[in-house]
Amino acid sequence: MTKKNKGYIIDEKLTINDTVELQTGMGAAVSGFKETHNRKKNFFTIWTGQAISQFSSSVLQFAVVWYLTDHTGSAMVLTAAMMMGFLPQGVLGPFIGVFIDRYNRKRIMILSDLFISAASLVMVIAGWTGTLSTELILVVLFFRSIGSAFHTPCLQAVTPQIVPEDQLTRCAGYSQALESVSQILSPVLAAVFYSSWSLSGIIFLDVLGALAAVFTLAITEIPKLPEEENRGKVHVLREAMEGFLILKTNKGMLGLVLISTLYTLALMPTSALFPLMS
């Protein structure tokens, strides 16, 4: 009888332990599910705002090209506009990562979007007051490119922070699909809007798109980097060189970067003249 009682007690203890372990496992599973769900929600929240902003920016870029072609018909002006739009990103690109890896990425993206929208707003005001000139457009394109030089790589660096590792490939596919759709539809919409709207109206649409991106970033939680607590002194050239040396150790990645660079340099001068050929 005693053994049975003891056996019963032992079984009861085992049952209680098993129940505790089961509850703990279920709690961990539920917590993991919630964390995964929240990370996916954060990604799609940011992705929605960035989709609106990227699409409106692409429409604006093509509309500006049509505007310059229509008002100047100059190959030199179109080439200068192309240079103003991409040169700052090419020059600053190798050094931007030093700051992105040290400072709050969410703040960098918000400030970049606000900077880009402020630059665009200058063109809106100039258009409304009748003072919009080719020189002003080139200057604004230059400053917008500086903002994009910080924003684009920062967005790419944030994605692995907020996306579950097993969903990273799928989410990267969403971003690539968005870029492809934007490149296909933007010229069409730019032509439609330019024929029916003023350039100031299209620019104002881009300002609203940038503000939408800022709003989605503001309501999204992005994990902070551990390095932010102990940043130390920034050595831009040294750290940029260290990044290049790391890239150099990966022959395949280095070759891909060089090919992409040469392709861009070869295509840019020709693509600037496409509007004059149409």
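Quick caveat: nothing in here was measured; it's all calculated off a predicted structure.

Caption draft 1: Expanded view of the overall build of the protein chain. For the protein chain, the count of helices and strands is nine helices and zero strands. In the protein chain, the order of α-helices and β-strands from amino to carboxyl end is α-α-α-α-α-α-α-α-α. Per-residue burial for the protein chain yields a buried fraction of 32% across its 278 residues. A fraction of 89% describes how many contacts in the protein chain between residues 6 or more apart in sequence connect residues 24 or more apart. By element, 68% of the accessible surface of the protein chain is carried by carbon and sulfur atoms, the whole surface being about 17,000 Å².

Caption draft 2: Representation of the packing of aromatic side chains within the structure. Evaluation of the coordinates by the stated rule reveals five aromatic pairs. Seen in terms of ring centroids, W128 and F204 are 6.2 Å apart; in terms of plane orientation they differ by 45 degrees. Their pairing is tilted. Taken together, the residues W128 in helix α3 (residues 105-129) and F204 in helix α6 (residues 199-218) connect sequence positions 76 residues apart. On the basis of relative accessibility, which here comes to 60%, the residue W128 falls in the exposed class. Overall, F204 belongs to the partly exposed group, its relative accessible area being 35%. Three or more aromatic residues joined by ring pairs make a cluster, and in this case those are F115, F142 and F143.

Caption draft 3: Representation of a nonpolar patch on the surface in the model. A cluster of nonpolar side chains, contributed by L111, L114, L121, I125, W128, F204, L208 and L211, occupies part of the molecular surface with about 760 Å² of accessible area. At the level of secondary structure, the elements contributing two or more residues to the nonpolar patch comprise α3 and α6. Within the secondary structure, L114 is located in helix α3.

Caption draft 4: Up close: helix α2 (residues 75-100). If you check α2, its first and last C-alpha atoms are 36 Å apart, about what 26 residues at 1.5 Å a residue would give, namely 38 Å. Between the side-chain oxygen of the N-cap and the backbone nitrogen of M76 there are 3.2 Å, and the N-cap of α2 in question is S74.

Caption draft 5: Layout of the environment of I96. Position of I96 relative to the elements: it lies in helix α2. Note: C-alpha distance between I96 and A149 (53 residues apart in sequence) is 7.4 Å.

Caption draft 6: Molecular detail of the packing of α3 against helix α4 (residues 134-162). Here α3 crosses α4 at 155 degrees, and the two axes come no closer than 8 Å. For the element pair α3 / α4, the angle class is roughly antiparallel. Both α3 and α4 take part in a crossing whose hand is left-handed. Grouping the constituent residues of the contact of α3 with α4 by class yields 17 nonpolar, six polar and three charged.

Caption draft 7: Quick peek at the confidence of the model for the protein chain. Confidence in the prediction of the protein chain, expressed as mean pLDDT, is 76, and 77% of residues score 70 or more. In this model residues 1-14 is a low-confidence stretch, pLDDT under 50, and it forms zero contacts with partners more than four residues away in sequence or in other chains.

Caption draft 8: Here's a closer look at the nonpolar core. One finds V64, Y67, L68, L132, I137, L199 and I202 to be the most contacted residues of the largest nonpolar core, which totals 24 residues. Residue assignment for this core shows that the elements contributing at least two residues are α1 (2-71), α2, α3, α4, α5 (168-196) and α6. Those residues within four positions of I137 in sequence are excluded, and the remaining contacts are V64, Y67, L68, M123, L132 and L199. Residues I108, C154, V163 and V214 belong to the second largest nonpolar core, which totals 15 residues.

Caption draft 9: Main features of α4. For α4, which comprises 29 residues, the first-to-last C-alpha distance of 41 Å matches the rise-based estimate of 42 Å (1.5 Å per residue) to within 8%. If you look at α4, its biggest bend is around 25 degrees, right at S148.

Caption draft 10: Just the pattern of salt bridges, in detail. Taken as a whole and assessed by the stated rule, the structure comprises one salt bridge. With its nearest N and O atoms 2.7 Å apart, the salt bridge here joins R144 to D206. Here the residue R144 occupies a position in helix α4, and D206 occupies one in helix α6, the gap between them amounting to 62 residues. Note on accessibility: R144 and D206 belong to one class, buried.

Caption draft 11: Focus on the packing of α2 against α4. Relative to each other, α2 and α4 sit at 30 degrees, their axes nearing to 8 Å. Classified by the angle between their axes, α2 and α4 sit roughly parallel to one another. The handedness of the crossing between α2 and α4 comes out as right-handed. In contact with V77, A80, A81, M84, G85, F86, P88, Q89, L92, I96 and I100 of α2, α4 contributes T134, L138, L141, F142, S145, I146, S148, A149, F150, P153, C154 and A157. A class-by-class count of the residues in the contact of α2 with α4 yields 18 nonpolar, five polar and no charged.

Parameters at a glance
- Residues numbered from 1 in each chain as written.
- Predicted model: local features only at pLDDT ≥ 70, side-chain atom pairs only at ≥ 80, totals over all residues.
- Heavy atoms only, no water.
- Helix = DSSP H or I, 4+ residues; strand = E, 2+ residues; numbered from the N terminus.
- Buried < 20%, exposed > 50% of the residue type's maximum accessible area, 1.4 Å probe, protein only.
- Contact = heavy atoms within 4.5 Å.
- Areas by Shrake-Rupley, 256 points an atom, 1.4 Å probe, with all protein chains shown as cover.
- Phe/Tyr/Trp six-rings, centres within 6.5 Å; stacked < 30°, edge-to-face > 60°.
- Patch = residues over 30% accessible without salt bridge, like charges linked within 9 Å, V, L, I, M, F, W, Y side chains within 5 Å.
- Salt bridge = Lys/Arg side-chain N within 4 Å of Asp/Glu carboxyl O.
- Expected span 1.5 Å × (residues − 1).
- Polar contact = N/O pair within 3.5 Å; in protein donor to acceptor, adjacent residues only side chain to side chain.
- Axes fitted to C-alpha atoms, helices over the stretch in contact; angles between N-to-C directions.
- Parallel < 35°, antiparallel > 145°, perpendicular 65-115°, else oblique.
- Left-handed = near helix turned anticlockwise from the far one by under 90°.
- Nonpolar A, V, L, I, M, F, W, Y, C, P; charged D, E, K, R; others polar.
- pLDDT = per-residue confidence, 0-100.
- Core = buried A, V, L, I, M, F, W, Y, C linked by side-chain atoms within 4.5 Å.
- Bend = angle between axes of the 7 residues up to and from the residue.

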